[in-house]
Amino acid sequence: MDFYDVLKKRHSVRAFQDKEIEKEKLEKIAAAFSLAPSAGNLQAYTVYLVKKQETKKELAEAALGQDFISQAPVTLVFCADQQQSAVKYGERGAELYAVQDATIAAAYAQLAAAAEGLGSVWVGAFDALEVSRILNLEPYHVPVAIIPLGYPAEIPKGRSRRNPKELLREI
Ligand SMILES: Cc1cc2nc3c(=O)[nH]c(=O)nc-3n(C[C@H](O)[C@H](O)[C@H](O)COP(=O)(O)O)c2cc1C
């Protein structure tokens, strides 16, 4: 699929079919996010892949009851690895670069999912401490985004956008 078509095709999907995602597709998504740029090429993030129903249910509860997280066959949790980035970049690495590394990777994953005919949604509204407890995260792994993935069970409406001219300021 043409790159610009993928960008247009990706919309948030919050209802998923009860259908497994093929292993090859998950591997392609992982290969795609591993191509994302990262500070010093450290790739200072870890992605937790959750299939277990009970864990997805707990994540949904930690995310203000957004139940579609437990409906999706797979949920990815992108976590910044503050320790890894801090080794090279100190506080800026821990506070900013690691979060940016994880964020860009998650965005790539969403685009790859769209290219594979899958739906996803970025979930940012969650209790980070609770997510850390559920996934038994290292203290230096900070959850940045929960991304449920699956075959769409809805046709998402494209959301309108601000005019790009408003977002761009030539100086
Ligand atoms: C940082 C961030 C946090 C978000 N948090 C949530 C969330 O908790 N729940 C949700 O349903 N959507 C969430 N979204 C998805 C946005 O609502 C969605 O991307 C936006 O409305 C644009 O729609 P589109 O993705 O269909 O283009 C989040 C998106 C971002 C980037």
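Above this text you will find the structure in question.
Residues numbered from 1 in each chain as written. Predicted model: local features only at pLDDT ≥ 70, side-chain atom pairs only at ≥ 80, totals over all residues. Heavy atoms only, no water.

A. Fine view of the site of the ligand. Around the ligand sit 13 residues in total, of which Ser12, Arg14, Gln66, Trp122 and Arg159 are the nearest. Residue Arg159 places a side-chain N or O atom 2.8 Å away from an oxygen atom belonging to the ligand. Bound to the protein, the ligand loses 64% of the 620 Å² it would expose on its own. Partitioned by chemical class, the residues of the shell around the ligand number 5 nonpolar, 4 polar and 4 charged. (Near = heavy atom within 4 Å. Polar contact = N/O pair within 3.5 Å; in protein donor to acceptor, adjacent residues only side chain to side chain. Areas by Shrake-Rupley, 256 points an atom, 1.4 Å probe, with all protein chains shown as cover. Nonpolar A, V, L, I, M, F, W, Y, C, P; charged D, E, K, R; others polar.)

B. Looking closely at the packing of helix α3 (residues 53–62) against helix α6 (residues 128–135). Here α3 crosses α6 at 170 degrees, and the two axes come no closer than 9 Å. Taken together, the axis directions place α3 and α6 in an arrangement best described as roughly antiparallel. Of the residues in α6, those in contact with Thr55, Glu58, Leu59 and Ala62 of α3 are Glu130, Val131, Arg133, Ile134 and Leu135. Residues that form the contact of α3 with α6 fall into these classes: 5 nonpolar, 1 polar and 3 charged. (Axes fitted to C-alpha atoms, helices over the stretch in contact; angles between N-to-C directions. Helix = DSSP H or I, 4+ residues; strand = E, 2+ residues; numbered from the N terminus. Parallel < 35°, antiparallel > 145°, perpendicular 65-115°, else oblique. Contact = heavy atoms within 4.5 Å.)

C. Structural context of α6. Among the residues making up α6, those that are buried are Val131, Ser132, Ile134 and Leu135. Angular distribution of buried residues about the axis of α6 spans 165 degrees; they occupy a single face of the element. Along its buried surface, α6 packs onto β1 (45–50), α3, β2 (74–81) and β4 (141–150). For α6, the capping residue at the N-terminal end is Asp127, with a side-chain oxygen 3.1 Å from the backbone nitrogen of Leu129. Asn136 sits one or two residues past α6 and shows a positive phi near 55 degrees. (Buried < 20%, exposed > 50% of the residue type's maximum accessible area, 1.4 Å probe, protein only. Arc of directions from axis to C-beta.)

D. Local environment of the sheet that holds strand β3 (residues 119–120). Pairing is antiparallel in the open sheet, where 4 strands are placed in the order β1-β2-β4-β3. If you trace the sheet from one side to the other, it starts and ends with β1 and β3, each paired once. Here helix α5 (residues 82–115) sits on the sheet and contacts β1, β2, β3 and β4; the angle it forms with β2, its principal contact strand, is near 155 degrees. Along the sheet, α6 contacts β1, β2 and β4; its crossing angle with β4, the most-contacted strand, is approximately 75 degrees. (Pairing = 2+ DSSP bridges.)

E. A look at the pairing of β4. Within β4, 9 of the 10 residues are buried, which leaves it mostly tucked inside the rest of the structure. Pairing of β2 with β4 involves 8 bridges; the strand directions are antiparallel. In the sheet register, Val77 faces β4, and the bridge partner there is Ile146. Pairing of β3 with β4, which is carried by 2 bridges, proceeds in the antiparallel orientation. Pairing of Gly119 across the sheet is with Gly150, part of β4.

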